[in-house]
Amino acid sequence: MILYIVFFFLLVITTLRFVPVFRLPDASPWLMPLGFVLKVLVGCFFLYVYAYHYGVGELTADSSEFMRDSGILNSVFYESPGAYFRFLFGFDDRALLFEYLSETTQWDADSSKWFNDARNILRLHSLIHFVSFGEVFIHLMVTSFISLVGLRLMTISLLPFVKLSSSVVFLAFLLMPNVLFWSSGILKEPLIIFSMGLFMYTVLGSFKPVKRTLLLLLSAGCLVGIKPYILLCIIPAVFVYFLFGWIKDTRIAVAVLAVMIAGALLSLLTSPMKPVVDKLSSQQFDFINIGKGGVYARADTCVYIIYGADMPYVEINETDSTVFLTKEVVGDYVKPGARKDKKRCTIYPNEKPWKMIYDGEFSGSYIEITPIEESPETLLANIPEAINNVLLRPYPDDPPKSKFKCLSVIDGWGLLLLFITVVCFFRRTVSRKELHLIIALCVFSFILILLIGWTTPVIGAIVRYKVPVQLAMMCMTLIVFNPKKLKNG
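Criteria and cut-off values
Residues numbered from 1 in each chain as written. Predicted model: local features only at pLDDT ≥ 70, side-chain atom pairs only at ≥ 80, totals over all residues. Heavy atoms only, no water. Helix = DSSP H or I, 4+ residues; strand = E, 2+ residues; numbered from the N terminus. Rg over C-alpha atoms; globule rule 2.2 N^0.38 Å. Buried < 20%, exposed > 50% of the residue type's maximum accessible area, 1.4 Å probe, protein only. Contact = heavy atoms within 4.5 Å. Areas by Shrake-Rupley, 256 points an atom, 1.4 Å probe, with all protein chains shown as cover. Lys, Arg positive; Asp, Glu negative; His and termini not counted. Charge placed at Lys NZ, Arg CZ, Asp CG, Glu CD. Axes fitted to C-alpha atoms, helices over the stretch in contact; angles between N-to-C directions. Parallel < 35°, antiparallel > 145°, perpendicular 65-115°, else oblique. Left-handed = near helix turned anticlockwise from the far one by under 90°. Nonpolar A, V, L, I, M, F, W, Y, C, P; charged D, E, K, R; others polar. Expected span 1.5 Å × (residues − 1). Phe/Tyr/Trp six-rings, centres within 6.5 Å; stacked < 30°, edge-to-face > 60°. Lys NZ or Arg CZ within 6 Å of the ring centre and 35° of its normal. Pairing = 2+ DSSP bridges. Salt bridge = Lys/Arg side-chain N within 4 Å of Asp/Glu carboxyl O. 1 Å grid on protein atoms, 1.4 Å probe; cavity = no way out; pocket = protein on both sides within 12 Å on 5 of 7 lines; lining within 4 Å. Points joined across faces, edges and corners; volume = space filled by probe spheres on them.

## Regarding the overall build of the protein chain
So, point 1. Each helix and strand counted, the protein chain has 21 helices and 7 strands in total.
So, point 2. The C-alpha atoms of the protein chain give a radius of gyration of 24 Å, which matches the 23 Å a tight globule of 489 residues would have.
So, point 3. Taking the principal axes of its C-alpha atoms as reference, the protein chain extends roughly 75 × 60 × 45 Å.
So, point 4. Out of the 489 residues belonging to the protein chain, those deemed buried represent 50%.
So, point 5. Of the contacts made within the protein chain by residues no fewer than 6 positions apart, 68% connect residues no fewer than 24 positions apart.
So, point 6. Accessible surface computed for the protein chain: about 23600 Å², of which carbon and sulfur atoms make up 66%.
So, point 7. The distance from the centre of the 44 positive side-chain charges to the centre of the 38 negative ones in the protein chain is 15 Å.

## Considering the packing of helix 12 (residues 228-246) against helix 18 (residues 432-455)
So, point 1. Close contact between helix 12 and helix 18 brings their axes to 8 Å; oriented N to C, the two are set at 155°. One element, helix 12, and the other, helix 18, form an angle in the roughly antiparallel class. Helix-helix and strand crossings are classified by hand; for helix 12 and helix 18 the assignment is right-handed. Where helix 12 abuts helix 18, its residues Tyr229, Ile230, Cys233, Ile234, Pro236, Ala237, Val240, Tyr241, Phe244 and Gly245 lie against Arg432, Lys433, His436, Leu437, Ile439, Ala440, Val443, Phe444, Ile447, Leu448 and Leu451.
So, point 2. Of the residues belonging to the contact of helix 12 with helix 18, the class tally is 17 nonpolar, 2 polar and 2 charged.

## Structural notes on helix 6 (residues 117-132)
So, point 1. Relative to the 22 Å expected for 16 residues at 1.5 Å per residue, helix 6 spans 22 Å between its end C-alpha atoms, a close match to the ideal helical length.
So, point 2. Within helix 6, 12 of the 16 residues are buried, leaving the element largely enclosed by the surrounding structure.
So, point 3. Listing the buried residues of helix 6 in full gives Asp117, Ala118, Arg119, Asn120, Ile121, Leu122, Arg123, His125, Ser126, Ile128, His129 and Ser132.
So, point 4. Structurally, helix 6 contributes buried residues whose contacts are with helix 3 (61-79), helix 4 (81-89), helix 7 (136-158), helix 10 (189-204) and helix 11 (209-226).

## Topic: the packing of aromatic side chains
Aromatic rings considered in pairs are described by the distance between their centres and by the relative angle of their planes.
So, point 1. By the definition in use, this model includes 27 aromatic pairs.
So, point 2. Summarising the aromatic geometry, the rings of phenylalanine 426 and phenylalanine 481 are spaced 6.4 Å apart at their centres and angled 55° between planes, so their arrangement reads as tilted. Taken together, the residues phenylalanine 426 in the loop between helix 17 (403-425) and helix 18 and phenylalanine 481 in the loop between helix 20 (467-480) and helix 21 (483-488) connect sequence positions 55 residues apart.
So, point 3. For phenylalanine 481, a relative accessible area of 15% puts it in the buried group.
So, point 4. Three or more aromatic residues joined by ring pairs form one cluster here, namely Phe45, Phe46, Tyr48, Tyr50, Phe181 and Trp182.
So, point 5. When the ring centre of tryptophan 182 is taken as reference, the NZ or CZ atom of arginine 464 above it lies at 5.4 Å.

## Some remarks on unusual backbone geometry
So, point 1. Geometrically, the link from arginine 393 to proline 394 is a cis peptide bond, its omega value of 15° lying close to zero.
So, point 2. In this structure, proline 394 sits in the loop between helix 16 (383-391) and helix 17.
So, point 3. In this chain, proline 399 is followed by proline 400 through a cis amide linkage whose omega measures -5°.
So, point 4. Structurally, proline 400 can be placed in the loop between helix 16 and helix 17.
So, point 5. Not every positive phi belongs to a glycine, and aspartate 26 is a case in point at roughly 60°.
So, point 6. Position of aspartate 26 relative to the elements: it lies in the loop between helix 1 (2-18) and helix 2 (31-53).
So, point 7. The backbone phi angle of glutamate 373 is positive, close to 50°, even though this residue is not glycine.

## What about the sheet that holds strand 4 (residues 322-325)?
Strand-to-strand pairing in sheets goes through backbone hydrogen bonds, with the strands running parallel or antiparallel.
So, point 1. Read across the sheet, 7 strands follow the order 3-4-7-1-2-5-6 without closing on themselves; strand pairing throughout is antiparallel. In this open sheet, the two edge strands, each paired with only one partner strand, are strand 3 (314-317) and strand 6 (343-347). Taking the axes of each pair of neighbouring strands and ignoring which way they run, one obtains an average angle of 40° across the sheet.
So, point 2. Bridge count between strand 2 (residues 303-306) and strand 5 (residues 329-334): 3 bridges; the pairing is antiparallel.

## Here's the deal with the pattern of salt bridges
So, point 1. Evaluation of the coordinates by the stated rule reveals 12 salt bridges.
So, point 2. Its salt-bridge partner being arginine 464, residue glutamate 189 comes within 3.3 Å of it at the nearest N-O pair. In this pair, glutamate 189 sits in helix 10 while arginine 464 sits in helix 19 (residues 459-465), placing the two residues 275 residues apart along the sequence.
So, point 3. The exposure class of glutamate 189 is buried, given its relative accessible area of 4%.
So, point 4. The network of salt bridges with common partners includes Asp117, Lys188 and Lys227.

## Here we look at the layout of surface pockets
So, point 1. Taken as a whole, the second largest pocket spans an internal volume of roughly 260 Å³.
So, point 2. Elements with a contribution of two residues or more to the lining of the second largest pocket: helix 6, helix 10 and helix 11.
So, point 3. Here the lining of the second largest pocket takes 4 residues from helix 11, the largest share from any one element.
So, point 4. Residues belonging to the lining of the second largest pocket are distributed by class as follows: 5 nonpolar, 4 polar and 1 charged.

Structure representation (structure tokens):
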């Protein structure tokens, strides 16, 4: 197997070196292969973190589940090719699921068949299994290749808007620590970066209408299949980009944009937007519960929430998913199906079994955020908190106490300081078209920051989810940067 891994590695290197479509314009033909080598090395570090820092020598968390479940999906092909392709293209049903994929944990029977990120990740990795034979390093190399192509597309898209070489722009994207780490693993970020790169390449490039339409459909389909909310953030940004092209007076365009943003935010106070507020509230409620961990048990009239410190007094019957409490504890309760109005209470031992709804561990990087509880006023009041949590955290004293957190602190603050330094001391006068792109990137970042900050109470998740925001910040930094000022010292 080692020889096969080496062969596969050299095959990818050769492809990146000698196939013209994968090269960067006006750059060394070895730049892409060297970028791939770096991503594979970081990918090995990713495997180490998920196997030894979060696990006990074996791959754990989402990466482990993706590998395991995609292997089960791949094995369906050898039992019934027809059933496999029904799963692959979303024509499966509940009976087929219980027959072939009952042991999976990520293939949710009640979720959307096509617009489901977990299912689509499993579909991709089930295809990789045909050439990986279950070897995790092959999966890592494929996902690293996919994200590398995404960075290449992003670089080509940005070249007309910067005064830097393609090599510098590509390396600026590639060497962003947070982006490099998450895009080199077996998670969703490689596909997110590829989809974003393809979308930028399509919108900012020069194509015939038919080709542009096909590329837009492909990139939008990828985003919807992996992270639909990112596409929802991109669409207003694209609208703003073309809006500034239509309105010739920049001051009028800025005023129109300010009114639009204010109107969009204030519209959250109206009844037609209540489903949006409720959805964000529900997302936050679920994420807070997952972050805090513990057991959620359905009694006759309510759902009891027993937190991690009291888990020694909880007995769970895995066979029928029932819960018994052996000692009086202090916890919370909510009405069944409710997403607000959690109330503190004393929970007494039960004789009649409770039905277990959720059982999870406390997240070591959990932070307190203000509950929305379906209140649009609270949602708007939480905007500063959301921006702070995404742009500035983690702070040095934030949980967890881990050496890896220091890397996230340096990365987040380093990028912010780089952006501020370039804007203050090394900026150049940008053209109208470049200004339009900067404003569009700001709109995209602002919307995504709010969505993440409103709903996410876990630092580790925030660090992952803000990768697209950091890429947008790097794009803005590269656009305004004037290399002549750096040379003149």
